[in-house]
Amino acid sequence: MPPTRVKADVADALHTGSPVVALESTIISHGLPHPDNFEAAKRFEALVREYGATPATIAVIDGVARIGLEDGELELIASADDVEKLSVRDLPIVMARGGHGATTVAATAFLAATAGISVFATGGLGGVHQGANTSFDESADLGTLAHTPVAVVSAGVKSVLDIQATLERLETLSVPVLGYATDVFPRFWLPRSDFPVDHRVDSPEEVAAVLASLRQLGLDSGVLVANPIPEDKAWSVDEHDRLVDQAFAAANQEGIRGKEVTPFLLDYIQRESGGDSLRVNLDVVAHNIEVAAGIARAVSERASSSD
């Protein structure tokens, strides 16, 4: 087990079998400006508690994986200039150097699993990038989820990615994809893409049952719970599509390539939307937290009833 410190309330919840929801920290360090990022982080944790679970925001501070952050640690991740963005491959390097890092979906899921947390709420999963047939650009989120026993609740994948290719990769990696109260895979800022989901669930209890069945089969993969943003919170389809097209055109014009493409696209869209994409992004995370907390409660109740 890596050098890890579990926050007291998270440790208590895990010890008693109470529901816990993991939260990533890159949205704090790299997704929002300060002090909006700190306020959003506190709001997300408060929502987890409101929905009956214990929040465990995950990050690396002073080379130690922190499973749950104190207020001062949240503030550090939100404001320090030397906070690196960490995927799984970056963890050993930053931890060996005693540095600070905010965890991506992949790193958060990995560290959550090592601590015994089985449910994780995020915004959108990473995936296969447009043009990956020549660039081979694919998020580490997919490969990590294939061998990390965590239910990741997200609004699909970021809509600037290749959704069809991402779904194909998840199938190849044997990662179950569950549409939560939907038959159609969501599109991050939008509730629907052009692609169906093979399996639909309509309650936290159904997700908990799938997780239990996975373990009974001896499988160690995670589960993607694709949770669409509600219609009244979603972005305008026309405005979304217009800005995505503009963002890709701008990236091509400026010669943006490889791993720099998606950050460029998301930054462009956030800037040109006048904050609309950011508002929807925050609503996406809040809605995923609500569903994740329900799943965590169902997992806890199922475990208690089987004792």
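Below: a short report on this structure. Chains are numbered independently. Their residues run from 1 in the order of the written sequence. Note on the predicted model: pLDDT of at least 70 is required for a residue's local features to be given, and 80 or more for side-chain atom pairs to be given and counted; whole-chain, interface and lining totals, by contrast, use all residues. Here the side-chain values reflect all heavy atoms present in the structure, with hydrogen atoms and water set aside.

1. Comments concerning the overall build of the protein
- Only runs of H or I of at least four residues qualify as helices and only runs of E of at least two qualify as strands under DSSP, and these elements are numbered from the N terminus. Each helix and strand in the protein was counted, giving 13 helices and eleven strands.
- As defined in this context, the radius of gyration uses C-alpha atoms, and a globule is described by 2.2 Å times the residue total to the power 0.38. Taken against the 2.2 N^0.38 rule, which gives 19 Å for 307 residues, the C-alpha radius of gyration of the protein at 18 Å falls within 12% of a compact globule.
- Principal-axis analysis of the C-alpha atoms gives the protein an extent of 60 × 45 × 35 Å.
- Residue burial is assigned from relative accessible area. The probe radius is 1.4 Å, only protein chains are included, and a residue is buried under 20% of its type maximum, exposed over 50%, and partly exposed in between. The buried share of the protein, taken over its 307 residues, is 53%.
- In this tally, Asp and Glu contribute negative charge and Lys and Arg positive charge; neither His nor the terminal groups of the chain are included. Here the site of a charge means NZ on Lys, CZ on Arg, CG on Asp, or CD on Glu. Taking the 23 positively charged and 44 negatively charged side chains of the protein as two groups, their mean positions are separated by 2 Å.

2. Focus: the packing of helix α3 (residues 36–50) against helix α13 (residues 276–306)
- In the contact formed by α3 and α13, the axes pass within 9 Å of each other and the chain directions differ by 25 degrees. Here α3 lies roughly parallel to α13, going by the angle between them. Along this stretch, α3 crosses α13, giving a crossing that reads as right-handed. Between α3, through A40, R43, F44, L47 and V48, and α13, the contact on the second element is made entirely by L282, D283, V285, A286 and I289. In this description, a line fitted to the C-alpha atoms serves as the axis of each element, helices being fitted only across the stretch in contact, and the angle between N-to-C directions of two axes falls anywhere from 0 to 180 degrees. Note on terminology: angles under 35 degrees are roughly parallel, angles over 145 are roughly antiparallel, angles of 65 to 115 are roughly perpendicular, and the others are oblique. Handedness of a crossing is defined here by the sense of rotation of the near helix relative to the far one, left-handed for an anticlockwise turn of less than a right angle and right-handed for a clockwise turn. Whether two residues are in contact is decided by their heavy atoms: any pair within 4.5 Å suffices.

3. A look at the packing of aromatic side chains
- Pairing of aromatic side chains here covers Phe, Tyr and the six-membered ring of Trp, requires ring centres within 6.5 Å, and sorts the geometry by plane angle: under 30 degrees stacked, over 60 edge-to-face, intermediate tilted. Evaluation of the coordinates by the stated rule reveals three aromatic pairs.
- Between W189 and W235, the ring centres sit 5.4 Å apart and the planes meet at 75 degrees, which makes this aromatic pair edge-to-face. In this pair, W189 sits in the loop between β9 (177–180) and β10 (199–201) while W235 sits in the loop between β11 (223–226) and α11 (237–253), placing the two residues 46 residues apart along the sequence. Judged on exposure class, the residue W189 and its partner W235 are both buried.
- Within the aromatic cluster, the residues linked to one another by ring pairs are F188, W189 and W235.
- Its end group placed over the ring of F188, K158 keeps NZ or CZ at 5.9 Å from the ring centre. Should the NZ of a Lys or the CZ of an Arg lie within 6 Å of a ring centre and within 35 degrees of the ring normal, that charge is described as sitting over the ring.

4. Focus on the nonpolar core
- Ranked by size, the top nonpolar core spans 60 residues in total, and within it I67, I117 and F185 carry the most contacts.
- Take this core: its biggest share by element is six residues, from helix α6 (residues 105–115).
- Ignoring any residue separated from it by four or fewer positions in sequence, one finds I117 in contact with V10, L14, V20, A22, A56, I67, A112 and V150.
- Among the nonpolar cores identified, the runner-up in size contains 42 residues, and F44, A78, V153 and V291 belong to it. For this analysis, a nonpolar core means a set of buried residues of the types Ala, Val, Leu, Ile, Met, Phe, Trp, Tyr and Cys, connected via side-chain atoms within 4.5 Å.

5. Topic: helix α4 (residues 71–79)
- Here α4 has its buried residues at E73, L74, I77 and A78. In an axial view of α4, the angular spread of the buried residues amounts to 140 degrees, which keeps them on one side of the axis. It is the directions from the helix axis to the C-beta atoms whose arc is reported.

6. Some remarks on the pairing of β9
- Burial along β9 is two-sided: the residues V177 and G179 and L178 and Y180 are all buried.
- One bridge is not enough; two strands pair if DSSP finds at least two bridges between them. Taken together, the three bridges between β9 and β11 define a ladder with parallel strand orientation. Bridging across to β11, L178 finds its partner in V225.
- In this structure, β9 lies alongside β10, joined through three bridges in parallel fashion. Bridge assignment links G179 to a residue of β10, and that residue is R200.

7. Concerning the environment of V160
- Looking at the element boundaries, V160 is found in the loop between β8 (151–154) and α9 (163–172).
- Note: C-alpha distance between V160 and H34 (126 residues apart in sequence) is 25 Å.
- Beyond its immediate chain neighbours, meaning those up to four positions away, V160 contacts Q130, V244, F248, T262, L265, L266 and I269.

8. What about unusual backbone geometry?
- Positive phi outside glycine occurs at D62, with the angle close to 55 degrees.
- As for its position among the elements, D62 is in the loop between β3 (54–61) and β4 (64–67).
- Even without glycine at this site, S174 takes up a positive phi of about 60 degrees.
- Inspection of the secondary structure assignment puts S174 in the loop between α9 and β9.
- The exposure class of S174 is exposed, given its relative accessible area of 53%.

9. Quick notes on the packing of α11 against helix α12 (residues 261–272)
- Two numbers describe how α11 lies on α12: the axes approach to 9 Å, and their chain directions differ by 130 degrees. One element, α11, and the other, α12, form an angle in the oblique class. Relative to α12, the crossing made by α11 is right-handed. Contacts between α11 and α12 involve L243, V244, Q246, A247, F248, A250 and A251 on the former and, on the latter, F264, L265, Y268, I269 and E272.
- Polar here means any residue outside two lists: the nonpolar Ala, Val, Leu, Ile, Met, Phe, Trp, Tyr, Cys and Pro, and the charged Asp, Glu, Lys and Arg; Gly therefore counts as polar. In the contact of α11 with α12, the residues fall into ten nonpolar, one polar and one charged.

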